[in-house]
Amino acid sequence: LNLSSQGFSISEINTDEFPIVKASFIATDRAGNSYDDLDESNFSVKEENLNVDASVTVKCIKREDDPEVSVVLVLDQSLSMKEPEDDPRWNWVVQGATSFINTLKFVGRTKIAITSFARSVYIVCNFSSDRDELLNALDTVAPAGITRYDPPFLDSRYGAVRMLSSRPTDIRRIVVFLTDGLPDKNPSTSKIIDSLQNANIQVYSITLQMPMNKDLAYISRETGGRSFSVNDKQELDNIYKYIALDV
């Protein structure tokens, strides 16, 4: 598949039935529209830049329209995001969040809010459909502090549940939660799930350079969302694009 000036995001690579390998992908044209007519002839498989004789099966699912959504991007701004010094993980997060904002279709009442968290949770940008406003707000965050999971979900002012509860009830409510560290105290997982379910909120969780946290995986599963563990900048960027198109 020739992707010059186009987009291709791959996720959920499954090798449980190796040598059969399964994966989800989203391919977009130069205008950012998803392809819905790709087949096996559009793909080749390579290993170390050499063609591999492999059987490929492709199934494209067409979305009839782009739904309205309310999204809170929840970003871990703890001190560990300053590492490594030569390319801090926070730069990866900004790149990924930027890709999400640029990929999501702002149709109708669709809006994104951004919060960041460490010991507490902070408002970075309130709900907006202005891409420039959202992107500029990312530059205001400076990583510092320890990691706690409760505030970004449950805080009475800037917690995702509180913020999304103010949005229309007839459109999807989504949290995209990103962290690179374990919390310094166990989260109130049952309370978080109950609060999310009562407000009809789905959670997509991303862990960066760490295994998926069991509490986040459980929260995502119980709210009808998904969880992803990623290890590098490009993989993180791909996951953010994938979620933007999946929601």
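Up top you'll find the structure we're talking about.
Residues numbered from 1 in each chain as written. Predicted model: local features only at pLDDT ≥ 70, side-chain atom pairs only at ≥ 80, totals over all residues. Heavy atoms only, no water.

Chemist: Could you give me a rundown of the overall build of the chain, with the residues and numbers involved?
Modeler: Looking only at helices and strands, one finds seven helices and ten strands in the chain. Out of the 247 residues belonging to the chain, those deemed buried represent 43%. Considering only contacts within the chain whose residues lie at least 6 apart along the sequence, 66% involve residues at least 24 apart. Summed over its atoms, the accessible surface of the chain is roughly 13,000 Å², and 44% of this surface lies on carbon and sulfur atoms. (Helix = DSSP H or I, 4+ residues; strand = E, 2+ residues; numbered from the N terminus. Buried < 20%, exposed > 50% of the residue type's maximum accessible area, 1.4 Å probe, protein only. Contact = heavy atoms within 4.5 Å. Areas by Shrake-Rupley, 256 points an atom, 1.4 Å probe, with all protein chains shown as cover.)

Chemist: Tell me about the nonpolar core, and please be specific about residues and values.
Modeler: Of all hydrophobic cores here, the largest spans 36 residues; its most connected members are Leu 73, Phe 100, Ile 114 and Val 176. Looking at this core element by element, the count peaks at seven residues for helix α1 (residues 89–103). Those residues in contact with Ile 114 that sit more than four places away from it in its chain are Leu 73, Leu 75, Ile 101, Tyr 122, Ile 123, Val 124, Cys 125, Leu 134 and Leu 138. Counting 23 residues, the second-largest nonpolar core is a separate cluster that includes Val 74, Met 163, Leu 164 and Phe 177. (Core = buried A, V, L, I, M, F, W, Y, C linked by side-chain atoms within 4.5 Å.)

Chemist: Please give an account of the pattern of salt bridges that cites residues and values.
Modeler: Within the structure shown, the criterion is met by nine salt bridges. Here Asp 184 and Arg 148 are joined by a salt bridge, their closest N and O atoms 3.0 Å apart. Taken together, the residues span a long stretch of sequence, with Asp 184 in the loop between β8 (172–179) and α5 (189–198) and Arg 148 in the loop between α2 (131–138) and α3 (150–154) at a distance of 36 residues. Arg 226 is the salt-bridge partner of Asp 246, the closest N and O atoms lying 3.4 Å from each other. Here Arg 226 lies in strand β10 (residues 226–230) and Asp 246 lies in helix α7 (residues 233–246), a separation of 20 residues in the sequence. Arg 226 gets classed as partly exposed once you look at its relative accessible area, which sits at 24%. Residues joined by salt bridges that share partners form a network here, namely Glu 68, Arg 109 and Asp 170. (Salt bridge = Lys/Arg side-chain N within 4 Å of Asp/Glu carboxyl O.)

Chemist: Please set out the packing of α1 against α7 residue by residue, giving values where relevant.
Modeler: One can describe the packing of α1 onto α7 by two numbers: an axis separation of 8 Å at closest approach and a directional angle of 25°. Taken together, the axes of α1 and α7 lie roughly parallel to each other. When you trace α1 past α7, the crossing you get is right-handed. Every residue of α7 that contacts α1 at Trp 92, Val 93, Gln 95, Gly 96, Ala 97, Ser 99, Phe 100 and Thr 103 is listed here: Lys 233, Leu 236, Asp 237, Tyr 240, Lys 241, Ile 243, Ala 244 and Leu 245. Considering only residue class, the contact of α1 with α7 consists of nine nonpolar, four polar and three charged. (Axes fitted to C-alpha atoms, helices over the stretch in contact; angles between N-to-C directions. Parallel < 35°, antiparallel > 145°, perpendicular 65-115°, else oblique. Left-handed = near helix turned anticlockwise from the far one by under 90°. Nonpolar A, V, L, I, M, F, W, Y, C, P; charged D, E, K, R; others polar.)

Chemist: Outline the environment of Gln 95, listing residues and values.
Modeler: If you trace the backbone, Gln 95 turns up in helix α1. If we skip the residues at most four places from it in the chain, Gln 95 touches Lys 233 and Asp 237.

Chemist: Tell me about the pairing of strand β7 (residues 121–128), residues and numbers included.
Modeler: In this structure, strand β6 (residues 111–117) lies alongside β7, joined through five bridges in antiparallel fashion. Residue pairing in the sheet places Ser 116 in a bridge with Tyr 122 of β7. Linkage of β6 to β7, two consecutive antiparallel strands, is achieved through a turn of three residues. (Pairing = 2+ DSSP bridges.)

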